[in-house]
Amino acid sequence: MKLLKLIIKKTLIFKVLIQFINIFRYSLSYVSRGNLLGGFYWFYLRHKVSLLGNSAGSKFYDNYKLTAPLAKEGLMQINSLSKETVAKLEKLFLESQSENYSSLEDFIDSKKRKNEVRPSGISIALNKQMINQVFEELDLLPKVKEYLDLQENEIYFSANIDCLLNVDETPEFEERSINALEFHRDIDSLAFVKAFCYLSNINNGCGEHQVLIGPHTKLPLALRIISRFSYNELIKKAPHLKLKSIYGASGYSWLEDTTMFHRGTVPIKAHRLMLSLSFNDARSAKHIHERYYYPLDPKL
Ligand SMILES: [Fe+2]
């Protein structure tokens, strides 16, 4: 009986059914809070994007002038942040913590003592001066608007800084870290793109971001289920995908379609501080993201 249950659980149709039920149940939680459109969009986009893909970047390649590599490869390097801006962002990160820390090292030591792998990040989206500085240095908005094929008043965004700790001396750190950092695809809204900026130097072993490059339109159904997957499992089912690790000095930045499989890695040599910016179609995002997402157009 146990074996039969296990076999059923591993069958694709069972996984699809469970996904359907989970999405439906979560949709109802929006409805029960009076957010009918949130419930509708959650149900619609979780199925649509996981099964059929991101609406952003899906037009003909000729439509993309500033973002051709992003449309083709799924990611592209953009301008780096200046040293001054990186320093300001690190300061902001420390100042936004509930406790006082004299430096990032102090923050990291304290979290290590508490055995935390991934302390919660902070949102900087409402800090207009900082956001404008970041957008300007990255020359970001023209690319985001082109890629999403949307105007500023049709885009919602979030901006978070978070830190991955190298907690290699703490018990079972690897197991706990790997669980939090397995390969996955983001399903954030109907059309979306993300920008990432390293705020610390990232070499091998510093929590580098990894992406599986290659057409995700060819994914087998088993990999379209919303889940986390190991590298070996993915390569077995989709051998055309190629692993790419992203290294760069502090300030290094790129745009990415995170409906491609991606993950952060477990830092074993040094911490990783990173700014993540998410740009989403307002149509769905304003209903499903009830916190930390804001209109890009300051007049809204
Ligand atoms: Fe992700």
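Residues numbered from 1 in each chain as written. Predicted model: local features only at pLDDT ≥ 70, side-chain atom pairs only at ≥ 80, totals over all residues.

## Examining the overall build of the chain
The cut-off we apply is this: The secondary structure listing takes helices from DSSP runs of H or I that are at least 4 residues long and strands from runs of E that are at least 2 residues long, numbered from the N terminus. This radius of gyration counts C-alpha atoms alone. The globule rule is 2.2 Å times how many residues there are, raised to the power 0.38. Contacts here follow a simple rule: the backbone-placed C-beta atoms of the two residues must lie within 7 Å.
Summing up its helical and strand segments, the chain has 11 helices and 10 strands in all. For 300 residues, the compact-globule estimate of 2.2 N^0.38 gives 19 Å, and the chain sits close to it at 20 Å. Here the C-alpha coordinates of the chain stretch approximately 55 × 50 × 40 Å along the principal axes. At a minimum sequence separation of 6, the contacts of the chain that also span at least 24 residues come to 85%.

## Some details on the sheet that holds strand 5 (residues 209-213)
Where we set the bar: By the convention used here, strands pair only if DSSP detects at least 2 bridges between them. Whenever a helix is involved, its axis is fitted only over the stretch in contact; in every case the axis is a line through C-alpha atoms, and angles between N-to-C directions fall within 0 to 180 degrees.
Strand order in the open sheet formed by 3 strands is 6-5-8, and the pairing between neighbours is antiparallel. Edge positions in the sheet fall to strand 6 (242-246) and strand 8 (262-264), since each has one partner strand and no second. Taken over all neighbouring pairs, the strand axes of this sheet differ in orientation by 20 degrees on average, direction set aside. Here 5 bridges tie strand 5 to strand 6, and the two strands are oriented antiparallel to one another. In the sheet register, Leu-212 faces strand 6, and the bridge partner there is Leu-243.

## Points about unusual backbone geometry
Backbone geometry places Asp-139, a non-glycine residue, at a positive phi of 50 degrees. The phi angle at Asp-149 is positive, at roughly 60 degrees, despite the residue not being glycine.

## A few points about the pairing of strand 4 (residues 192-198)
A regular strand places its side chains so that they alternate between the two faces of the sheet. In plain terms, the rule: With C-beta atoms placed from the backbone, the exposure class of a residue follows from how many other C-beta atoms lie within 10 Å of its own: 20 or more, buried; 12 or fewer, exposed; in between, partly exposed.
Among the 7 residues of strand 4, 7 are classified as buried, and the element is accordingly described as predominantly covered. Along strand 4, one buried face is formed by Phe-192, Lys-194, Phe-196 and Tyr-198 and the opposite face, lined by Val-193, Ala-195 and Cys-197, is buried too. Examined bridge by bridge, strand 4 and strand 9 (residues 272-281) share 7 bridges and lie antiparallel to one another. Each bridged residue has a counterpart across the sheet, and for Cys-197 the counterpart in strand 9 is Leu-275. As judged from the 4 bridges shared by strand 4 and strand 7 (residues 253-256), these two strands associate in the antiparallel manner. Directly across from Phe-196, in strand 7, lies its bridge partner Trp-254.

## Quick notes on the packing of helix 2 (residues 12-32) against helix 3 (residues 36-52)
Rules: Angle categories are assigned with fixed cut-offs, so that under 35 degrees is roughly parallel, over 145 is roughly antiparallel, 65 to 115 is roughly perpendicular, and the rest are oblique. Helix crossings get a hand from a simple test, with the near helix turned counterclockwise from the far one by less than a right angle marking a left-handed crossing and a clockwise turn marking a right-handed one. All residues other than Ala, Val, Leu, Ile, Met, Phe, Trp, Tyr, Cys, Pro, Asp, Glu, Lys and Arg, Gly among them, are scored as polar; the first ten of these are nonpolar and the last four charged.
Between helix 2 and helix 3, whose axes approach to 7 Å, the crossing angle comes to 160 degrees. By the angle between their axes, helix 2 is roughly antiparallel relative to helix 3. The crossing of helix 2 and helix 3 is right-handed. Packed against helix 2, whose contacting residues are Ile-23, Phe-24, Tyr-26, Ser-27, Leu-28, Tyr-30 and Val-31, the element helix 3 presents Leu-36, Gly-38, Gly-39, Trp-42, Phe-43, Arg-46 and His-47 at the interface. Of the residues in the contact of helix 2 with helix 3, the class split is 9 nonpolar, 4 polar and 1 charged.

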